[in-house]
Structures are given as structure tokens and as C-alpha cells.
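Descriptive analysis of the structure
Chain by chain, the residues run as shown.
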Number of protein chains: 2
Amino acid sequence: MDVEQQTTLAPGQFERIAKALADPRRFAMLSSIGQACDECANQALCRDFPVSKATISHHLKELATAGLVEQVREGQYVNYRLRADVVEAYAAELVRRVARPG
Amino acid sequence: MDVEQQTTLAPGQFERIAKALADPRRFAMLSSIGQACDECANQALCRDFPVSKATISHHLKELATAGLVEQVREGQYVNYRLRADVVEAYAAELVRRVARPG
DNA sequence: CATACAGTTCGACGGTTGTCCAACTGTTTA
DNA sequence: TAAACAGTTGGACAACCGTCGAACTGTATG
């Protein structure tokens, strides 16, 4: 029942990811999620970043909409999991799009 | 007398690149420069993108400041050359920064 | 059921940024 | 040298975005 690995990007996803990565703090959150083994608790982000819950929720929504993280509810808590495959797909697509075909 | 290939990013360059890539039109210009064999004339960009010269100049400055393109003056004209090595260095650093060490 | 807690949504505010026009610098050419 | 052309810079404006507090939804626990 695992989510499938993503090797290619959906239409518009490339642009959404580029925007999601552009804000330093949001990227730091993504990186923080990536550092966690398996999942990262939302509470850990609230503890580690000096911004309000509302702002964290907003950033995480952007990351999720871009497909960079997955949201996992556990009762009243929320955990996040990095989609490393999506990051890698974006990196590959980035290099591909600036390269001359052939 | 070639410029050296860049395999690692300068301090702050990662953030500058992320921001530079975030605007779709600016990225399209970068891609357009990449499609050209060798260099891309500024005039080609002025022809291909429906924005003013001022806007193009602004975007290209951002790309150059991020190190993604090189500016080459030829008399009154300006050409741009893609720094594919920098794009690749960014892509690698991106994957590295979200991955757990080890 | 009531209280407390985790997270989301909403409205507002301020800073950033993409865009243009106009004025400027620098280069070619008549 | 004057006119034309290529590109840059500065100022202005609108749209976007990161941020917060407050109100809300949903979940646990007394």
C-alpha cells in the first residue's frame, strides 16, 4: 500500500516546486523534514522554527501541494514525510530543461 | 582562458539560484539561452519574449547574479551563455541538502 | 459535557518583486 | 558630430507573498 515512487513530474508541478523551493525558510523546513528518519512531527517544526503555527501550516501546505512532502495524520497530530523521489525528479527535470536536446 | 567549471556553490548562491528559478518567465529565458548552441543573443530574447527590454535586462541580471548565465559583450550587443555546470551543481546540492547524511 | 490541545483558515499588514516608461550610457554609422 | 541603435538604470505601480493574531475544526481527556 505504499505510495508509488515518482520519476516524472505532473503538469505544472515543475513550476510549483520551483516556487516552493524559493523561500529560504520553507526550504529549511523541507530539509528539516528530510533529516528526520522516516517521519517528522509538525511539533518538531513548531519547536525548531521561530514562526507562528499559522505560518508553518502555510509553508507545509505549499510543500505538500508541490508534492515535495506527504502529510500523515495521527489522531490530532500531523507528521510529514519527505518525497525524496520527487526532489530527485525535479533535479533531473531541471537539468534536462536547460540542456540542448541531443 | 576559459572560465573554470564550477562543481560547488559559493555561499548564498544556493538561495540566489532557487529564487532565480522561481519565476516561470525567467526560467523560460534561461532555458532559451540553454537551447542556443554556444551563445544566445539578447536580441533573440527580445524577439521571443513579449516583455519590455527593461524587464529582460532585469531578469538576465538576476540570472547572472545567481551565476546561472555569463554575459558576453560584443560591441553594442550582449550575448549570454548558459552555465550548465552551475545548474548541475545546484541540482546536486539540492538533492544533497534534503537527504539525510550517511 | 467541558476543557485543553493540535492544526487549519481567514483577514490584514508590510515587504518583495515583476512590469513598464522614461531617461541615461555606450556603440556604431552616416 | 549627429543620429540611430542596444542595453541599463531609476522611479512608479500593482500583484504577490510571508507573516501574524484571531477565530475555527477536530481530537483527546478530565
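Everything in this summary refers to the structure shown in the same document. (Residues numbered from 1 in each chain as written. Chains lettered and ligands numbered in written order. Predicted model: local features only at pLDDT ≥ 70, side-chain atom pairs only at ≥ 80, totals over all residues. Heavy atoms only, no water.)

Attention now moves to the overall build of chain A. Counting its regular elements, chain A contains five helices and three strands. Starting at the N terminus, the α and β elements of chain A follow one another as α-α-β-α-α-β-β-α. The C-alpha extent of chain A, read off along each of the three principal axes, is 50 × 35 × 20 Å. Across chain A, contacts joining residues at least 24 apart in sequence account for 62% of those joining residues at least 6 apart. Entry remark: accessible area of chain A is about 5900 Å², with carbon and sulfur atoms responsible for 49%. Side-chain charges of chain A comprise 13 positive and 13 negative groups, with the mean position of each set lying 8 Å from the other. (Helix = DSSP H or I, 4+ residues; strand = E, 2+ residues; numbered from the N terminus. Contact = heavy atoms within 4.5 Å. Areas by Shrake-Rupley, 256 points an atom, 1.4 Å probe, with all protein chains shown as cover. Lys, Arg positive; Asp, Glu negative; His and termini not counted. Charge placed at Lys NZ, Arg CZ, Asp CG, Glu CD.)

Taken together, 23 residues lie around DNA strand D, and A:Arg25, A:Ser52, A:His59, B:Lys53 and B:Ser57 are the ones closest in. Per the 4 Å cut-off to the protein, sugar and phosphate atoms form 73% of the nearby atoms of DNA strand D. In the environment of DNA strand D, a phosphate oxygen lies 3.4 Å from a nitrogen or oxygen atom belonging to the side chain of A:His58. A distance of 3.2 Å is found between a base oxygen of DNA strand D and a side-chain nitrogen or oxygen belonging to B:Gln76. Among the secondary structure elements, those contributing two or more residues to the surface near DNA strand D are α2 (24-35) and α4 (53-65) of chain A together with α3 (42-48), α4 (53-65) and β3 (77-82) of chain B. Classifying every residue of the surface near DNA strand D gives six nonpolar, 11 polar and six charged. (Near = heavy atom within 4 Å. Polar contact = N/O pair within 3.5 Å; in protein donor to acceptor, adjacent residues only side chain to side chain. Nonpolar A, V, L, I, M, F, W, Y, C, P; charged D, E, K, R; others polar.)

For the rest of this paragraph, the subject is the protein's contact with DNA strand C. Close to DNA strand C lie 23 residues, the nearest being A:Lys53, A:Ser57, B:Arg25, B:Ser52 and B:His59. Near-protein atoms of DNA strand C (within 4 Å) split between backbone and bases, with sugar and phosphate holding 73%. One of the side-chain N or O atoms of A:Gln71 is found 2.9 Å from a phosphate oxygen in DNA strand C. B:His58 has a polar side-chain atom sitting 3.4 Å from a phosphate oxygen of DNA strand C. Those elements that provide at least two residues to the surface near DNA strand C are α3 (42-48), α4 and β3 (77-82) of chain A together with α2 (24-35) and α4 of chain B.

The next subject is the sheet that holds strand β1 (residues 40-41) of chain A. Residue and element names in this part refer to chain A. An order of β1-β3-β2 is seen for the three strands of this open sheet, with the pairing classed as antiparallel. Unpaired on one side and paired on the other, β1 and β2 (69-74) mark the two borders of the sheet. Pairing of β1 with β3 involves two bridges; the strand directions are antiparallel. The residue bridging Ala41 from the neighbouring strand is Asn79, located in β3. (Pairing = 2+ DSSP bridges.)

Here we come to the relation of the copies chain A and chain B. For the pair chain A and chain B, the best superposition has an RMSD of 0.0 Å and corresponds to a rotation of 180° with a translation of 0.0 Å parallel to the axis. On the angle and the small slide along the axis, the relation comes out as a two-fold axis. Considering only C-alpha atoms, the residue of chain A closest to the rotation axis is A:Ala91, which sits at 2.4 Å. A shared interface surface links the copies, since 100% of the contact residues of chain A are contact residues in chain B too. (Least-squares fit on C-alpha atoms with pLDDT ≥ 70 in both.)

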